[in-house]
Amino acid sequence: MGVVYHYGLVDFQSIAAGAAMLASGGGGSYHDACSILQELVHQGWSGTVTVQDYDGATNACVLAIMGSPDAADGLTLSAVQNAISNTVAVMEASTGAALGALIPVEIGPINSLVPLLGAAMSQGAVWVVNGDGAGRAVPELPQTTYTGGAQLAPCPAVLASDASTLVDIESAVLGASTAARVESLAGGVVAGFGGYSGIAMWPSNAGNSFALSGSYIAGTLEQARGLGQFLLQAETPPATAAVADAITLITSRSASAVVTNFFITSVTQATSSASLDSGIIRLDNTQDQAQSTETHYLYNLNENLIMYSSASTSPDVVAPDSICYYSESTGRGFSNASDDLALYFDATTGKSTGQMVSVIAVKTAPQLYNTPGVVASFAALLRNMGYAGAMPTA
């Protein structure tokens, strides 16, 4: 079973901070994650949640919030708790199996916390698997390791709204043979719920011989906690190079700074019909674009997928490698959610706030890279953005 951890509020805060770095710009808003955890403090919760490797004998499923981070702007603890309880209830009814364990779909400020909050709500009846399906955040379900297990079927996949009363709950139970089809079907449902939804899928139980075993990347929650602890305990914001070194040490994945202490000088964002935020972030080495001598562009679909320099014909970084934000001004990572970007770019003036931004490239987790179909799935998203070049090697 490996090491058994017992995470409390301080650990949740560290996980949110570490996940905000590792998520490649996605996985939910770090600003919202901090607000939600502050609400948890005010609720008076002072317990712990058990976090460990999957035991191959407990009914489990993947649990997350799906959709547009900007649609979920200002997400509250009660909204997340309602989405969790509604989604879990429908999943248990659909499978006929009470859940004993939950696992994140990805690493992200919100989506790393969702299973932990679900376990906290269970008063000890549910624990959390120390892992996830990507080691980063991903735009769509097919870009996870969960798709690699022949026995781990994606359905039933359950989506539920965050309604607080039984009569107002909206839910859908999807049946499909692949995660790609679930993604396609779920897009319309999530949009109908208002742009975001609770989602539970990939159930693991006696019916499929507890097939979650071997289908996830182990240890990633503890990695996020370790990185977050490094950031939160620093007396002053660490240098970008030091953060990259910490990521390499903690995750065993090579990390290096691509740009250091640039400024976000332009943000273009829109929410698609499938409830995904797509956008272009411009970074310059001066606050004034006209004075800049070096410019880079980040293209995102919730998550950062490709970054290139205006002075180069080849990209700086291409997904599935992670393109991670860090700021030496604030000592934190952040996401592409509007409330996170607001610290670094003033949408009302269309100019940088003066807070510096760095970008760190982190190599793909080997298990994600080697999961059949994952790189091809990222490549399809990149082709839709107009990139048809080479993909990163393992």
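Residues numbered from 1 in each chain as written. Predicted model: local features only at pLDDT ≥ 70, side-chain atom pairs only at ≥ 80, totals over all residues. Heavy atoms only, no water.

1. Focus: the environment of Thr265
Tracing the backbone shows Thr265 in strand β11 (residues 255–271). In the structure, Thr265 is positioned 85 residues away from Gly350 in sequence and 7.3 Å away in space, judged by C-alpha atoms. Filtering out sequence-adjacent residues up to four positions away, Thr265 remains in contact with Arg282, Asp284, Thr286, Gln287, Gln289, Phe345 and Gly350. (Helix = DSSP H or I, 4+ residues; strand = E, 2+ residues; numbered from the N terminus. Contact = heavy atoms within 4.5 Å.)

2. Considering unusual backbone geometry
With omega at 10°, the peptide bond leading from Cys155 into Pro156 counts as cis. Tracing the chain through its elements places Pro156 in the loop between β6 (131–132) and β7 (157–160). Here the amide bond leading from Ala319 into Pro320 is cis, since omega sits at 20°, within 30 degrees of zero. Of note, Pro320 is situated in the loop between β15 (317–318) and β16 (322–326). A positive phi angle, close to 60°, is found at Ser252, a residue other than glycine. Within the fold, Ser252 resides in the loop between α7 (240–251) and β11. Judged by relative accessible area, Ser252 falls into the exposed class, the value being 67%. (Buried < 20%, exposed > 50% of the residue type's maximum accessible area, 1.4 Å probe, protein only.)

3. Things to note about helix α4 (residues 113–121)
Burial analysis of α4 places 8 of its 9 residues in the buried class, the great majority of the element. Residues Leu113, Val114, Pro115, Leu116, Leu117, Gly118, Ala119 and Ala120 constitute the buried set of α4. Immediately beyond the C-terminal end of α4, within one or two residues, lies Gln123, with a positive phi of roughly 55°.

4. Considerations on the pairing of strand β9 (residues 196–204)
The element β9 is largely enclosed, with a buried count of 9 among its 9 residues. Across 7 bridges, the pairing between strand β3 (residues 60–67) and β9 is antiparallel. The residue of β9 that forms the bridge with Ala64 is Ile199. Where β7 and β9 come together, 3 bridges link them in antiparallel fashion. Opposite Ala160, over in β9, you have Gly198 as the bridge partner. (Pairing = 2+ DSSP bridges.)

5. Side note on the domain arrangement of the protein chain
Domain boundaries in the protein chain define domain 1 (4–218) and domain 2 (239–385). Measuring from the centre of the C-alpha atoms in domain 1 to the corresponding centre in domain 2 gives 24 Å. Taken residue by residue, the interface counts 42 residues in domain 1 and 42 residues in domain 2. When domain 1 packs against domain 2, the two sides together hide about 3,000 Å² of surface, and 54% of this comes from carbon and sulfur. The interface formed by domain 1 and domain 2 contains 0 salt bridges. Here domain 1 and domain 2 share 18 residue pairs in polar contact (both at pLDDT 80 or more) between them. Contributing elements (two or more residues each) for the side of domain 1 that touches domain 2: α1 (9–22), α2 (30–43) and α5 (179–192). The class makeup of the residues in the side of domain 1 that touches domain 2 is 15 nonpolar, 21 polar and 6 charged. (Domains from an automatic or database assignment. Buried area = accessible area lost by both parts, 1.4 Å probe. Salt bridge = Lys/Arg side-chain N within 4 Å of Asp/Glu carboxyl O. Polar contact = N/O pair within 3.5 Å; in protein donor to acceptor, adjacent residues only side chain to side chain. Nonpolar A, V, L, I, M, F, W, Y, C, P; charged D, E, K, R; others polar.)

6. Comments concerning the sheet that holds β7
Taken in spatial order, the 8 strands make up an open sheet running β1-β2-β5-β4-β3-β9-β7-β8, and their pairing is mixed. The open sheet terminates on both sides in strands that have one partner only, identified here as β1 (5–7) and β8 (171–174). Averaged over all neighbouring strand pairs, the angle between strand axes comes to 30°, with direction disregarded. The sheet contact formed by β1 and strand β2 (residues 49–52) spans 3 bridges and is antiparallel. (Axes fitted to C-alpha atoms, helices over the stretch in contact; angles between N-to-C directions.)

7. Examining the environment of Gly25
Mapped onto the elements, Gly25 comes out in the loop between α1 and α2. Taking relative accessible area as the criterion, Gly25 reaches 2% and is therefore assigned buried. Put simply, Gly25 and Gln43 are 18 residues apart on the chain and 29 Å apart in space, counted from C-alpha to C-alpha. Those residues in contact with Gly25 that sit more than four places away from it in its chain are Asn302, Glu303, Asn304, Ile323, Tyr325, Phe334, Ser335 and Asn336.

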